Amino acid sequence: MAVIIDGKKISQQIKDELKERVEALQAEGKSGALAVVQVGSDPASGVYVRNKKNACAYIGIESLAYELKEETTQQELLSLIEKLNQDDHVKGILVQLPLPAHIDENAVIRAIAPQKDVDGFHPQSVGLMTIGQDGFLPCTPAGIIQLLKRTGIEIAGKHCVIIGRSNIVGKPMALLMLREHATVTITHSRTKNLQEICRQADILIAALGKPRFVGAEYIKEGAVVIDVGIHRNEENKLCGDVDFENVEPLTSAITPVPGGVGPMTIAMLMQNCVESIAKEGAV
Ligand code: NAP
């Protein structure tokens, strides 16, 4: 029987640990706020923003919400970010992606002060991660490392195959698995023999954004499978990139959707915020 990796439980443990740490930091006189900026009213983004505010409230840090209208210009958004960069009480700045098409996401990410970049998307954070130095780690891949470690899954020496090479999941995931001494293969839409490569994986991480794409034919018996995808199926139910029913019996451990990777992303965002408060904004 496969272990069903319980992201809900593990993320709750992390948030409880962070709550205690926030209390200890407050006793030392250290506090601060996370600024959450949303442009437009995309319903999915609205849910994510609400979850982030709730998580802040749970662990005991302040969140400041900036809900800007869809027509906000890039310059107006950059001015707000500059104001938040200068505000010593703000220890983390998160701009909810995607942004409306008239705004250059890269320019916005670069405008956030690296010492407040709790999403870990700024080129400086990415550079520090790449050379293995301290900096904010992107939340979804960092959350997956925690899921594996806290479930007692050995990473060192394992062959990890990642499907997807995006800047927010696939690429940083590969770097973090490498840091944990896995042997890493990154695959993408131009990869030939994808099934064959995936069948060599001890740990398979699916982050391609295609509902139930990864079936039993992609799995080596006993593999660990991590499903990053989030989709709504025809019945409006959440599902992942993995065909869970057919894949689960072949695995030694697998994440469900929902309740796997998703809750970890927010827990790791909270961790980055707490680290920023602990460092008083200096990375
Ligand atoms: P993305 O930017 O669309 O990237 C998808 C990647 O998958 C690309 O590198 C693409 O290759 C590759 N790909 C697409 N079709 C493929 C195929 N048939 N075979 C092999 N590779 C293929 O997506 P993302 O932002 O990384 O997100 C991936 C999924 O994770 C989405 O479902 C997203 O909703 C979910 N997600 C979940 C969380 C969470 O908290 N749980 C966080 C972030 C994302 P090319 O580069 O060649 O185009």
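Refer to the structure above for everything that follows.
Notes on the structure in this doc start here. (Residues numbered from 1 in each chain as written. Predicted model: local features only at pLDDT ≥ 70, side-chain atom pairs only at ≥ 80, totals over all residues. Heavy atoms only, no water.)

**Points about the packing of helix α1 (residues 7-27) against helix α6 (residues 139-150)**
Next, step 1: α6 packs onto α1 with a crossing angle of 100° between their chain directions and a minimal axis gap of 10 Å. By the angle between their directions, the pair α1 and α6 is classed as roughly perpendicular. Note on element contacts: α6 touches α1 through Q146, L147 and R150, opposite G7, I10, Q13, I14 and E17.
Next, step 2: Residue composition of the contact of α1 with α6, by class: three nonpolar, three polar and two charged. (Axes fitted to C-alpha atoms, helices over the stretch in contact; angles between N-to-C directions. Helix = DSSP H or I, 4+ residues; strand = E, 2+ residues; numbered from the N terminus. Parallel < 35°, antiparallel > 145°, perpendicular 65-115°, else oblique. Contact = heavy atoms within 4.5 Å. Nonpolar A, V, L, I, M, F, W, Y, C, P; charged D, E, K, R; others polar.)

**Some thoughts on the packing of aromatic side chains**
Next, step 1: By the definition in use, this model includes one aromatic pair.
Next, step 2: Aromatic side chains F213 and Y218 sit 5.7 Å apart centroid to centroid with 55° between the ring planes, which places their arrangement in the tilted category.
Next, step 3: Sitting above the plane of the Y58 ring, K15 keeps its charged end 5.9 Å from the centroid.
Next, step 4: Here the basic side chain of K19 rests over the ring of Y58, its NZ or CZ set 4.5 Å away from the ring centre. (Phe/Tyr/Trp six-rings, centres within 6.5 Å; stacked < 30°, edge-to-face > 60°. Lys NZ or Arg CZ within 6 Å of the ring centre and 35° of its normal.)

**Focus: the sheet that holds strand β4 (residues 90-95)**
Next, step 1: With respect to topology, three strands assemble into an open sheet ordered β3-β2-β4, the strand pairing being parallel. Either end of the sheet is taken by a strand with one partner, and the two such strands are β3 (62-68) and β4. The mean inter-strand angle of the sheet, taken between neighbouring strand axes irrespective of direction, is 20°.
Next, step 2: Both strand β2 (residues 33-39) and β4 contribute to a ladder of five bridges, which runs parallel. Note on β4: the bridge partner recorded for V36 is L94. (Pairing = 2+ DSSP bridges.)

**A short note on unusual backbone geometry**
Next, step 1: The omega torsion across L97 and P98 is 0°, close enough to zero to call that bond cis.
Next, step 2: Mapped onto the elements, P98 comes out in the loop between β4 and α4 (105-111).
Next, step 3: Of note in this structure, N193 is not a glycine but carries a positive phi near 55°.
Next, step 4: Looking at the element boundaries, N193 is found in the loop between β6 (183-187) and α8 (194-198).
Next, step 5: In this structure, N236 takes a positive phi of about 65° despite not being glycine.
Next, step 6: Mapped onto the elements, N236 comes out in the loop between β9 (231-232) and β10 (238-239).
Next, step 7: Here N236 falls in the exposed class, since its relative accessible area comes to 51%. (Buried < 20%, exposed > 50% of the residue type's maximum accessible area, 1.4 Å probe, protein only.)

**Overview of the site of the ligand**
Next, step 1: Contacts to the ligand come from 22 residues, most closely from R165, S166, S189, K210 and T265.
Next, step 2: In this structure, T265 approaches the ligand through a side-chain N or O atom, which is 2.7 Å from an oxygen atom.
Next, step 3: When the free accessible area of the ligand is taken as 930 Å², the share hidden by the protein chains comes to 71%.
Next, step 4: Among the elements that make up the shell around the ligand, the one with the highest residue count is helix α10 (residues 261-278) (three residues). (Near = heavy atom within 4 Å. Polar contact = N/O pair within 3.5 Å; in protein donor to acceptor, adjacent residues only side chain to side chain. Areas by Shrake-Rupley, 256 points an atom, 1.4 Å probe, with all protein chains shown as cover.)

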